[in-house]
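Architecture at a glance
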Amino acid sequence: MELLYLIEEFFKIVMDPMVVLVIFGATALGTIIGALPGLTATMGIALLTGLTYKVPVNYTFAILMGIYVGGIYGGSISAILLNIPGTASAAATAIEGNLFAKRGKAALAIKVTRSASIIGTLVGVLALALIAPQLSRIALQFSAVEYFLLAVFGVLMCGSIVTSDLTIKGWIGGLLGLCVAFIGYDVISGAPRFDFGNINLSGGISLIPAMIGFYAIPEVIKALARDGADAPAMDMEGSVTESPEALASKSVAGGKDPGSFAIALKNIPVIIRSALIGVGIGALPGVGEDVAAWIAYDNARKTSKRKDEWGTGECYEAIIAPEVANNAAIGGATIPLLTLAVPGSPPAAVLLGAFMIHNIRPGPMIMVDSPRFIFYIAALILVAVVALWVVGILLARPMSSILKIPSVFLMPIIAVLSIVGAYALNLKRFDIFVVVLFGAIGYILDKMKYSAAPIVLGIILGTMIDENFRRALIVNKGDPSFFVTNSWISLVFVVIIAYVIIKQMVPRQLGSRVNLKNLRGFLAARRPGGTPPRP
Amino acid sequence: MEKSTLRRADLLFSIALILGSLWFMIQSIKLFLNPFGRKWEAVPAEAVKETLTFWYKSPALMPFFVSLLVLLCSVMLFHVAMKSGARLDFIKKDKIAAFLKNREFQSFVVITLLLCVYAFVLIPVCGKLLVRIRIIRGFPFFVATFIYLLSMMLAFGHRKLGHAVRSLLVSFLVSGIVTYAFGTLAKIPLP
């Protein structure tokens with residue numbers, strides 16, 4: 001039945017040529033954003049959320065979903081052509097993808113990753129359409145206790161997984177985000193909190209300006225502050241044996257795919273595993289596409305029957321696995337976003353902000369209030385997949401020129417768009433201040449290896465944690481044992497939360513995460529003079 | 001950032017966090033006892049008694065817990081940094097001078113300052129001075145954006161005539177496109 005709803009929504013969208021056109025344009029823009037280093041899908045969605053505030057809702061979500069799908073895919077193009085992933089989620093793809101390019105097979109690698117991205121996104125959409133309605137029905141049984149524990153679980157998991165240095169930094173990030181969320185009037189008592197008499201603070205810190213600050217401004221500063229900022233956004237030197245133009249021209253528009261889908265389909269076991277990893281990791285609160293891509297890459301390498309091919313520029317598994325996973329994570333991340341109002345990834349977190357400013361309240365009631373909304377979003381992603389296929393072919397040739405736009409021209413424009421986008425939402429000059437302040441703080445924290453994701457998730461889930469915690473206590477007259485005894489769901493959450501804390505603290509004493517060792521090694525190799533690690 | 005430098009930064013940041021969390025904790029206790037920010041003399045004893053009885057209703061409850069957790073995590077971070085060999089021996093005149101001369105730090109300061117000047121000086125000043133000129137809708141924003149973009153592009157680009165000309169052209173075009181596309185076409189209120 002769910003699939004029928006999905007198909008029905010898909011055709012409804014397709015019947016509106018304007019929406020289709022918007023999705024195609026947005027997917028193209030998303031692909032370019034994803035391909036350019038420093039511009040991410042999250043930043044793209046955050047900027048466009050502000051800039052599309054006055055656009056009709058159906059176009060707004062078409063734009064945002066197109067940017068999301070295109071942005072996650074786009075990173076792989078620069079990863080293959082120039083060995084520099086446009087987004088963090090394409091970092092794993094760059095390892096083998098660039099070796100393909102060095103062997104003169106960049107065009108084929110781009111086609112295979114495009115096919116893998118399409119397959120991954122399709123699996124994610126199916127998961128969204130099939131799982132989300134069931135999950136929202138289960139979530140209807142959630143009381144304040146379960147919501148509180150779910151939100152705590154989200155911040156904790158996100159902090160534990162996404163950090164690239166000490167786990168405790170992820171937790172500190174999440175807690176700092178919660179502190180920001182407490183600013184403003186308390187919904188339960190009506191008491192002003194931490195506003196210090198400032199009228200701008202009494203309404204709380206707006207989510208979208210904070211996100212623009214955390215995701216856009218640090219990238220502007222990073223791009224211009226590092227040595228050689230006046231160089232092209234992509235450092236072309238020594239990346240590939242052929243020029244990017246020559247490489248890109250081989251994946252010419254309209255050219256017949258030389259069996260890229262066939263290559264992808266030959267790796268069905270890898271695709272299935274990676275898609276499941278993508279959906280599963282994507283569904284974890286705040287974790288997102290980049291972690292999914294690394295875990296799928298690691299899993300594919302461990303389970304590969306052709307281990308000798310890895311690192312030779314001939315191993316398709318190595319580029320298929322991360323691309324399937326990071327695109328499947330789009331659907332995965334949207335599941336908790338729509339059913340529990342808990343975003344599964346940083347781009348989904350920004351989408352939550354977009355839903356809120358357009359008066360759409362995700363959560364368990366969504367199947368009651370707007371029964372078709374989940375299928376509508378799934379169908380938008382589905383149309384974006386079709387757009388991705390077309391746009392991927394069309395953009396192959398001009399992409400090499402686009403990648404040459406120097407940071408010194410591009411980044412100041414991003415700064416201007418950040419200011420315009422933040423101001424447009426509430427017409428408050430204070431929101432511009434929030435963008436600048438959080439941008440500077442975000443940059444400093446980024447230098448100290450604090451990920452923005454747990455901070456942002458803390459800001460988003462802070463109200464949920466605070467309100468539900470007190471509601472649960474009020475109902476039970478201050479008895480905290482209710483958090484464990486309320487239901488089997490709450491007990492499971494308590495056990496998982498305790499396990500995560502104990503696991504992180506006892507054996508490794510707050511040490512680094514082993515799973516992300518590859519990511520750190522790879523990112524370290526991106527620095528000047530560094531060499532990509534061989535698997 | 002090198003690991004040793006990172007741990008030094010962690011050490012410094014953990015101290016700042018400890019102080020910050022203590023401050024947040026004090027504010028939470030104040031909020032707990034006096035949630036509506038009345039003068040302390042005006043807070044009746046009954047109200048405090050009721051707050052203590054029904055502690056679980058207080059808006060300060062979660063902020064207090066969170067500040068406690070931040071304090072705990074900060075102490076742990078301090079411990080990890082100390083264990084890694086980080087000390088506060090880098091707070092010396094020469095090292096601070098070297099840090100201030102660091103290209104990346106200087107760039108960070110310049111970018112942030114330029115952004116502040118754009119948002120809080122250029123836009124309001126242009127708005128006041130050029131409000132009567134109505135060549136296009138949002139003309140003051142156009143001028144402010146043009147000045148900002150040009151100064152950023154010149155500050156971080158090559159010191160060559162070719163780059164200056166290109167910067168001029170790009171700044172002019174982008175300012176025009178942004179002002180027209182958002183201000184007129186999309187009807188988005190410009191700052």
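Residues numbered from 1 in each chain as written. Chains lettered and ligands numbered in written order. Predicted model: local features only at pLDDT ≥ 70, side-chain atom pairs only at ≥ 80, totals over all residues. Heavy atoms only, no water.

A look at the overall build of chain B
- Counting its secondary structure elements, chain B contains 7 helices and 0 strands.
- For chain B, the succession of helices and strands along the chain, N to C, is α-α-α-α-α-α-α.
- Relative to the globule expectation of 16 Å for 191 residues, the C-alpha radius of gyration of chain B, 26 Å, shows a markedly less compact shape.
- A principal-axis box enclosing the C-alpha atoms of chain B has dimensions of 70 × 50 × 25 Å.
- Looking at chain B as a whole, 39% of its 191 residues are labelled buried. (Helix = DSSP H or I, 4+ residues; strand = E, 2+ residues; numbered from the N terminus. Rg over C-alpha atoms; globule rule 2.2 N^0.38 Å. Buried < 20%, exposed > 50% of the residue type's maximum accessible area, 1.4 Å probe, protein only.)

Focus: the interface of chain A and chain B
- If you look at the interface, chain A gives 64 residues, while chain B gives 67 residues.
- Across the chain A to chain B interface the summed buried area is about 5,900 Å²; carbon plus sulfur atoms make up 80%.
- Between K169 of chain A and D10 of chain B there is a salt bridge, and its shortest N-O distance comes to 2.8 Å.
- Here chain A is connected to chain B by 7 residue pairs in polar contact (both at pLDDT 80 or more). (Contact = heavy atoms within 4.5 Å. Buried area = accessible area lost by both parts, 1.4 Å probe. Salt bridge = Lys/Arg side-chain N within 4 Å of Asp/Glu carboxyl O. Polar contact = N/O pair within 3.5 Å; in protein donor to acceptor, adjacent residues only side chain to side chain.)

Notes on a nonpolar patch on the surface
Residue and element names in this part refer to chain A.
- On the surface, a cluster of nonpolar side chains totalling about 820 Å² of accessible area is made up of M1, L3, L4, I7, F11, V14, L126, L130 and I131.
- In terms of residue count, helix α1 (residues 2–14) provides more of the nonpolar patch than any other element does, 5 residues in total.
- Relative to the helices and strands, F11 resides in helix α1. (Patch = residues over 30% accessible without salt bridge, like charges linked within 9 Å, V, L, I, M, F, W, Y side chains within 5 Å. Areas by Shrake-Rupley, 256 points an atom, 1.4 Å probe, with all protein chains shown as cover.)

Concerning the pattern of salt bridges
All names here are of chain A.
- All told, the structure shown has 20 salt bridges over all chains when counted by the stated rule.
- Of the charged contacts in the structure, one is a salt bridge between R470 and D186, with a shortest N-O distance of 2.6 Å. Of the two residues, R470 sits in helix α22 (residues 452–475) while D186 sits in the loop between β1 (184–185) and β2 (192–193), which places them 284 residues apart along the sequence.
- Judged by relative accessible area, D186 falls into the buried class, the value being 3%.
- Across the pair R193 and D466 runs a salt bridge, and its minimum N-O distance is 2.7 Å. Pair noted here: R193 is in strand β2 and D466 is in helix α22, with a separation of 273 residues, a long-range link.

Things to note about the packing of α22 of chain A against helix α3 (residues 61–83) of chain B
- Running from amino to carboxyl end, α22 of chain A crosses α3 of chain B at an angle of 115°, the nearest separation of the two axes being 9 Å. Seen from above, α22 of chain A lies across α3 of chain B with right-handed handedness. Listed contacts from α3 of chain B to I465, D466, F469, R470 and L473 of chain A of α22 of chain A are L61, M62 and F65 of chain B.
- Among the residues forming the contact of α22 of chain A with α3 of chain B, the class breakdown is 6 nonpolar, no polar and 2 charged. (Axes fitted to C-alpha atoms, helices over the stretch in contact; angles between N-to-C directions. Left-handed = near helix turned anticlockwise from the far one by under 90°. Nonpolar A, V, L, I, M, F, W, Y, C, P; charged D, E, K, R; others polar.)

Side note on the environment of P371 of chain A
- Within the secondary structure, P371 of chain A is located in the loop between α18 (366–369) and α19 (373–402).
- Note on P371 of chain A: relative accessible area 41%, which makes it partly exposed.

Considering the domain arrangement of chain B
- What the domain assignment lists for chain B is domain 1 (3–91) and domain 2 (98–185).
- Each of domain 1 of chain B and domain 2 of chain B has a C-alpha centre, and the two are 40 Å apart. (Domains from an automatic or database assignment.)

Details of the side chain of S304 of chain A
All names here are of chain A.
- Take S304: it is sitting in the loop between α15 (289–303) and α16 (317–340).
- Among the residues examined, S304 registers a relative accessible area of 5% and is labelled buried.
- Each residue touching S304, except ones within four places of it in the same chain, is listed here: W310 and E317.

Quick word on the layout of surface pockets
Residues and elements named next belong to chain A.
- Quantified by volume, the second largest pocket comes out at close to 1,100 Å³.
- Forming the walls of the second largest pocket are 42 residues, and the residues nearest its centre are M356, R361, I459, I460 and T463.
- Considering each element in turn, the lining of the second largest pocket owes the most residues, 9 residues, to α22.
- Residues of the lining of the second largest pocket, tallied by class, amount to 24 nonpolar, 10 polar and 8 charged. (1 Å grid on protein atoms, 1.4 Å probe; cavity = no way out; pocket = protein on both sides within 12 Å on 5 of 7 lines; lining within 4 Å. Points joined across faces, edges and corners; volume = space filled by probe spheres on them.)

Some remarks on the environment of V112 of chain A
Residues and elements named next belong to chain A.
- Tracing the backbone through its elements, the reader meets V112 in helix α6 (residues 106–139).
- We classify V112 as buried; its relative accessible area is 0%.
- In this structure V112 touches S260, I263, Y316, I319 and I320, once residues within four positions along its chain are discounted.

Some thoughts on unusual backbone geometry
All names here are of chain A.
- Positive phi outside glycine occurs at A341, with the angle close to 60°.
- Looking at where A341 falls in the secondary structure, it is placed in the loop between α16 and α17 (346–357).
- Residue classification places A341 among the buried residues on the basis of a relative accessible area of 17%.
- Look at K449: it is not a glycine, yet its phi comes out positive at around 65°.
- Mapping K449 onto the fold places it in the loop between α21 (429–447) and α22.

Notes on helix α5 (residues 91–102) of chain A
Residue and element names in this part refer to chain A.
- The end-to-end C-alpha distance of α5, which contains 12 residues, comes to 17 Å, matching closely the 16 Å that a straight helix rising 1.5 Å per residue would cover.
- In terms of burial, α5 is a largely internal element, 11 of the 12 residues being buried.
- Within α5 the residues assigned to the buried category are A91, A92, T93, A94, I95, E96, G97, N98, L99, F100 and A101.
- G104 occupies a position one or two residues after α5 and carries a positive phi of about 80°. (Expected span 1.5 Å × (residues − 1).)

Here we look at the state of the cysteines
- Taken as a whole, this structure holds 0 disulfides over all chains when the rule is applied.
- With no disulfide of its own, C158 of chain A lies 14 Å from the sulfur of C73 of chain B, the closest cysteine sulfur.
- Not part of a disulfide, C116 of chain B finds its nearest cysteine sulfur in C126 of chain B, a span of 16 Å.
- A relative accessible area of 26% places C116 of chain B in the partly exposed class. (Disulfide = S-S within 2.5 Å.)

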